[in-house]
Amino acid sequence: EAEVAQSPRYKITEKSQAVAFWCDPISGHATLYWYRQILGQGPELLVQFQDESVVDDSQLPKDRFSAERLKGVDSTLKIQPAELGDSAMYLCASSLVAGTPPYEQYFGPGTRLTVT
Amino acid sequence: QKEVEQDPGPLSVPEGAIVSLNCTYSNSAFQYFMWYRQYSRKGPELLMYTYSSGNKEDGRFTAQVDKSSKYISLFIRDSQPSDSATYLCAMSAGTTDSWGKLQFGAGTQVVVTP
């Protein structure tokens, strides 16, 4: 069964350091999402890509976060510099081309980030 | 105030009991309502989705939507220990400028004891 791959699964970093997360969506899924899930809360959308284009990044803290999906396949989310409040689970999800909503989003296992 | 409210629990039930979960919301534009299940240290997986008001049944799971009350529910019959997880409700307006944008509740942790 096809799955969304994410790496690393766990990351511990010191504040002010840079950190990057990688996501490989299910093959053929044109839409890719990055979510942040703080412990005890639901996922919050950070950025949505349609192929290589950003569709929605209204909740992305652009002063420190960046995301790219250069060839419209895999994607990287970067934080620089990391802050203590960035400690959370970072989830990647993918779905088929936007058609009839709600077109199921498939989530990866996430990257758990701890900033010390 | 959050757009979607969900009691975080934990909700503990004995095996075989009915699990009742619910969410309330404030945005009347929401038309698509989903329930995701999230096991510990895993990503969420879609259980069910419903469009507009009404009921939907899938095996042991029943989803209900009451748009007039802005209230949705998920019922799990004959609960099993393997149902122990966090259940997240999610909603979407489904409009052209919001496709894919899901608003999640905080999730309810469910524990089914043998």
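Because the structure is predicted, anything quoted here is derived from the model rather than measured.

Colleague: What is the right way to read the overall build of chain A from this model?
Modeller: When helices and strands are tallied, chain A shows zero helices and eleven strands. For chain A, the N- to C-terminal ordering of α and β elements is β-β-β-β-β-β-β-β-β-β-β. What you see for chain A is a C-alpha radius of gyration of 13 Å, in line with the 13 Å of a compact globule of 116 residues. For chain A, the spread of C-alpha atoms along the principal axes amounts to about 40 × 30 × 25 Å. For chain A, the residues scored as buried account for 47% of the 116 residues in total. At a minimum sequence separation of 6, the contacts of chain A that also span at least 24 residues come to 54%. Summing over all exposed atoms, chain A offers an accessible surface of approximately 5600 Å²; the carbon and sulfur share of this is 50%. Seen as two clouds, the 10 positive and the 15 negative side-chain charges of chain A have centres 7 Å apart.

Colleague: What am I meant to see in the sheet that holds strand β1 (residues 4–6) of chain B here?
Modeller: Within a sheet, each strand pairs with its neighbour through backbone hydrogen bonds, oriented either parallel or antiparallel. Residues and elements named next belong to chain B. Spatially, five strands are ordered β1-β3-β8-β7-β6 in an open sheet, and the strand pairing comes out antiparallel. Single-partner strands in this sheet number two, and they are β1 and β6 (54–58). Averaged over all neighbouring strand pairs, the angle between strand axes comes to 15°, with direction disregarded. As defined by bridge partners, strand β3 (residues 19–25) adjoins strand β8 (residues 71–76) across six bridges and the pair is classed as antiparallel. Along β8, the bridge assignment pairs S20 with F75.

Colleague: Would you take a moment to explain the state of the cysteines for this structure?
Modeller: Here a disulfide denotes a covalent bond joining the sulfur atom of one cysteine to the sulfur atom of another. Taken as a whole and assessed by the stated rule, the structure comprises two disulfides over all chains. For C23 of chain A, the disulfide goes to C92 of chain A, at an S-S distance of 1.9 Å. Because the torsion about its S-S bond is -70°, the bridge between C23 of chain A and C92 of chain A counts as left-handed. Placement of C23 of chain A in strand β3 (residues 19–24) and of C92 of chain A in strand β9 (residues 88–95) is noted, with a sequence separation of 69 residues between them. Each sulfur in the disulfide pair C23 of chain B and C89 of chain B lies 2.0 Å from the other. Because the sign of the S-S torsion sets the handedness, a value of about -105° for the bond joining C23 of chain B and C89 of chain B places this disulfide among the left-handed ones. Here the residue C23 of chain B occupies a position in strand β3, and C89 of chain B occupies one in strand β9 (residues 85–92), the gap between them amounting to 66 residues. Residue C23 of chain B shares its accessibility class with C89 of chain B, and that shared class is buried.

Colleague: So what exactly am I meant to see when it comes to the pairing of strand β11 (residues 111–115) of chain A here?
Modeller: Here is the key point about a regular strand: its side chains alternate between the two faces of the sheet. All names here are of chain A. Here β11 shows one buried face, formed by T111, L113 and V115, and one open face, formed by R112 and T114. When strand β2 (residues 10–13) meets β11, the two strands line up parallel, connected through four bridges. Bridged to Y10 within β11 is R112. In this sheet, β11 lies alongside β9 in antiparallel orientation, the contact comprising three bridges. Bridging across to β11, M89 finds its partner in R112.

Rules used throughout
- Residues numbered from 1 in each chain as written.
- Chains lettered and ligands numbered in written order.
- Predicted model: local features only at pLDDT ≥ 70, side-chain atom pairs only at ≥ 80, totals over all residues.
- Heavy atoms only, no water.
- Helix = DSSP H or I, 4+ residues; strand = E, 2+ residues; numbered from the N terminus.
- Rg over C-alpha atoms; globule rule 2.2 N^0.38 Å.
- Buried < 20%, exposed > 50% of the residue type's maximum accessible area, 1.4 Å probe, protein only.
- Contact = heavy atoms within 4.5 Å.
- Areas by Shrake-Rupley, 256 points an atom, 1.4 Å probe, with all protein chains shown as cover.
- Lys, Arg positive; Asp, Glu negative; His and termini not counted.
- Charge placed at Lys NZ, Arg CZ, Asp CG, Glu CD.
- Pairing = 2+ DSSP bridges.
- Axes fitted to C-alpha atoms, helices over the stretch in contact; angles between N-to-C directions.
- Disulfide = S-S within 2.5 Å.

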